[in-house]
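# Chain and residue survey
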Amino acid sequence: MNVIVAVDENWAIGNKGELLISIPADHKLFREETYGKVVVLGRKTLKTFPQGQPLEGRTNIVLSRDENLKIKGAIVVNSTDALLSELSKYPKEDIFIIGGESVYKELLPYCDVVHVTKIEHKYEADAYFPNLDEMDDWEMTQESDEQCYFDLTYYFQKYERVKK
């Protein structure tokens, strides 16, 4: 399974329920990587989407403890076990974990690839992704050339789980 995430220098991903910044090239990459695939997200992340609706052209699976939650155009599961059972119906390489913080942390152990947009800036934040640079079982295997958005520098990076 894959993860796709944008982080700042401190591996921050959000503040007060919002993304840290919106970078058009990052959104384009997100669309290209996930279109036609399966995206896994939490209820709070879904609320940040346009009109709070599932993403078009993808199978949306929402992980929520709310057993009464129903979302048109999405599959709702209430536990990690139920999620893993649902995900077994799809090719692993077509599954993307897209947030937020608790979903990332819960599902990272099941993933083999993390696509990171690393932004060279430190934002005020209250949500974080695990720092892969401090974890022995992850290594960066690809990094793009320097990208710029106005005065902001960022890189597209790929981390892969180290086979032991």
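You'll find the structure just up there.
Just so you know, these numbers come straight off a predicted model, no measurement behind them. (Residues numbered from 1 in each chain as written. Predicted model: local features only at pLDDT ≥ 70, side-chain atom pairs only at ≥ 80, totals over all residues. Heavy atoms only, no water.)

### Some thoughts on the pattern of salt bridges
- Tallied over the entire structure, the rule returns eight salt bridges.
- Two residues, Arg161 and Asp112, come together in a salt bridge whose shortest N-O distance is 4.0 Å. Remark: Asp112 occurs in the loop between helix 4 (101–107) and strand 8 (113–119) and Arg161 occurs in strand 12 (residues 152–161); sequence separation between them is 49 residues.
- Residue Arg161 is classed as buried on the basis of its relative accessible area of 19%.
- Owing to a relative accessible area of 24%, Asp112 belongs among the partly exposed residues under this scheme.
- Lys118 serves as the salt-bridge partner of Asp133, at 3.7 Å between the closest nitrogen and oxygen. Highlighted residues: Asp133 in the loop between strand 9 (127–128) and strand 10 (138–143) and Lys118 in strand 8, separated in sequence by 15 residues.
- On the basis of relative accessible area, Asp133 is assigned to the partly exposed category, the value being 48%. (Salt bridge = Lys/Arg side-chain N within 4 Å of Asp/Glu carboxyl O. Helix = DSSP H or I, 4+ residues; strand = E, 2+ residues; numbered from the N terminus. Buried < 20%, exposed > 50% of the residue type's maximum accessible area, 1.4 Å probe, protein only.)

### Observations concerning unusual backbone geometry
- Cis geometry marks the peptide bond from Gly99 to Gly100, where omega comes out at 0°.
- Topologically, Gly100 is positioned in the loop between strand 7 (95–99) and helix 4.
- At Trp11, a residue that is not glycine, the phi angle is positive and equals roughly 65°.
- Mapped onto the elements, Trp11 comes out in the loop between strand 1 (2–7) and strand 2 (12–15).

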